[in-house]
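In case you want the letters, here they are:
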Amino acid sequence: MWKKVLKIGVPTTCALLTGSYLYRNDLRAFAATAIPDHFSDISSWSSDFWESQSNLFPRKPWNKNWDNRDPMTMVDIDKYMEANEETRKELLKEVKPTATRHIFLIRHGQYQLDSKEKYLTALGREQAILLGKSLAEGGTKFDKCIYSTMNRATETAQLMMEQLPPLKSKSDSILEEGAPYPPEPRHGDWRPRLKEFYTEGSRIEAAFRKYIHRASPKQKEDSYELIVCHANVIRYFICRALQFPPEGWLRISIGNTGITWLVIRPNGNVSLRYLGEIGHLHPDKLTFT
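Computed from a predicted structure; not experimentally measured. (Residues numbered from 1 in each chain as written. Predicted model: local features only at pLDDT ≥ 70, side-chain atom pairs only at ≥ 80, totals over all residues. Heavy atoms only, no water.)

In this section: the overall build of the chain. A count of helical and extended segments in the chain gives eleven helices and six strands. The buried share among the 289 residues of the chain stands at 38%. The long-range share in the chain, meaning contacts at least 24 apart out of those at least 6 apart in sequence, stands at 71%. For the chain, the accessible surface area stands at approximately 17,900 Å², while carbon and sulfur atoms represent 55% of it. (Helix = DSSP H or I, 4+ residues; strand = E, 2+ residues; numbered from the N terminus. Buried < 20%, exposed > 50% of the residue type's maximum accessible area, 1.4 Å probe, protein only. Contact = heavy atoms within 4.5 Å. Areas by Shrake-Rupley, 256 points an atom, 1.4 Å probe, with all protein chains shown as cover.)

In structure tokens:
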């Protein structure tokens, strides 16, 4: 029986595999016939079309006023309602952002896990210096640096800035590490109490609203800003800025001194150019602690 199976089954399988390779274009043509005609004309893919296909491609609309800085939110509504059409345009123009913000979220270097102070390790200090050198070699002129008051973030920021041209800097405790939001799926052995998510999550959300938003109308030039903080904070910021489900933050992993580059445009659109970029570190210097 097995001889018969091998005699018939193996050649048949090989023929099917070979045929699928030789006639892949025919297979693609056949697959195309299974798609409704209205899919073939991309010009018909309007918002109405997507709504009609919501059962196949469920989508959540982008909240254009996610940072509460849309011009209609910023304008003096009483003056706006009383003004004529031309004056209304001028009022909106006064509060409309024109500059783009480039925000570089930097995770701190490797630190001493068994120490209460949690200072950087020797490798962590080396990572911070390599980070600073890489940023300096990149040629970007940074406008300012904000960093968490926790030792590992403060040390990383200071070592990094020693490699860069002088720039304005300050620390802010609102950027300290914490539990931002109950994750899904849950972590195996890291399970803060609900109270911690409520209190620390409120602080981290406040930090997001403070630092992640479109430029002020008073800002005329594009800005390049450094924020040195912590993995949980950065991961939560990413989900919030891209309007991804906040419970997914723990699915993202960022290495020590990883660079995450967010771009916020005047119209409120957000894009992610880097996510935990660690090309400045040799493979034997990579850590994720």
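Moving on, there is more to tell.
In this section: the sheet that holds strand S1 (residues 101-107). Backbone hydrogen bonds are what pair the strands of a sheet, in a parallel or an antiparallel way. Reading across the sheet, the six strands line up as S3-S2-S4-S1-S5-S6 and stay open at both edges, with mixed pairing between neighbours. Two strands close off the open sheet at either side, each with one partner strand: strand S3 (168-171) and strand S6 (270-277). Along the sheet, successive strands turn relative to each other by an average axial angle of 15 degrees, direction set aside. Examined bridge by bridge, S1 and strand S4 (residues 223-229) share seven bridges and lie parallel to one another. Along S4, the bridge assignment pairs Phe104 with Leu226. (Pairing = 2+ DSSP bridges. Axes fitted to C-alpha atoms, helices over the stretch in contact; angles between N-to-C directions.)

Take the pattern of salt bridges next. For the coordinates displayed, the defined rule picks out seven salt bridges. For Arg193, the salt bridge goes to Glu196, with nearest N and O atoms at 3.8 Å. Residue classification places Arg193 among the exposed residues on the basis of a relative accessible area of 60%. A network of salt bridges, in which partner residues are shared, links Glu205, Arg209 and Arg240. (Salt bridge = Lys/Arg side-chain N within 4 Å of Asp/Glu carboxyl O.)

Leu175, Ile212, Ile227 and Phe237 are the most contacted members of the largest nonpolar core, which has 27 residues in total. The greatest single-element share of this core, amounting to seven residues, is contributed by helix H11 (residues 231-241). Not counting chain neighbours up to four residues away, the residues in contact with Ile227 comprise Ile103, Phe104, Leu105, Ile106, Ile146, Leu175 and Tyr211. Of all hydrophobic cores here, the second largest spans 18 residues; its members include Ile106, Ala157, Met160 and Leu226. (Core = buried A, V, L, I, M, F, W, Y, C linked by side-chain atoms within 4.5 Å.)

Let us now look at the confidence of the model for the chain. Taken as a whole, the chain shows an average pLDDT of 88; of its residues, 82% reach a score of 70 or greater. Counting contacts from residues 1-8, a segment whose pLDDT is below 50, to residues more than four positions away or on other chains yields three contacts. Scored below 50 in pLDDT, residues 15-22 shows two contacts in the model against residues more than four places distant or in partner chains. (pLDDT = per-residue confidence, 0-100.)

Put simply, Glu184 and Pro185 share a cis peptide bond, and its omega is 0 degrees. The residue Pro185 is located in the loop between S3 and helix H10 (194-211) in this model. One non-glycine residue, Asn68, lies in positive phi territory at about 60 degrees. Examined against the element boundaries, Asn68 turns out to sit in the loop between helix H4 (47-52) and helix H5 (71-74). Here the phi dihedral of Lys118 falls at roughly 55 degrees; this positive angle occurs in a residue that is not glycine. By relative accessible area, which is 26% here, Lys118 ends up partly exposed.

This paragraph deals with the pairing of S4. Across the seven residues that make up S4, a large majority, six, are buried. Taken together, the four bridges between strand S2 (residues 144-147) and S4 define a ladder with parallel strand orientation. Directly across from Lys144, in S4, lies its bridge partner Glu225.

Looking now at the pairing of S6. Two elements, strand S5 (residues 259-264) and S6, share five bridges in a ladder whose sense is antiparallel. The residue bridging Ile264 from the neighbouring strand is Val270, located in S6.

Unoccupied space between atoms shows up once a probe the size of one water molecule is rolled over them. Computed from the structure, the largest pocket encloses a volume of approximately 390 Å³. As for the largest pocket, its lining consists of 18 residues, of which Arg107, Glu177, Ala231, Asn232 and Arg235 are closest to the centre. By residue number, the principal contributor to the lining of the largest pocket is H11, which donates three residues. (1 Å grid on protein atoms, 1.4 Å probe; cavity = no way out; pocket = protein on both sides within 12 Å on 5 of 7 lines; lining within 4 Å. Points joined across faces, edges and corners; volume = space filled by probe spheres on them.)

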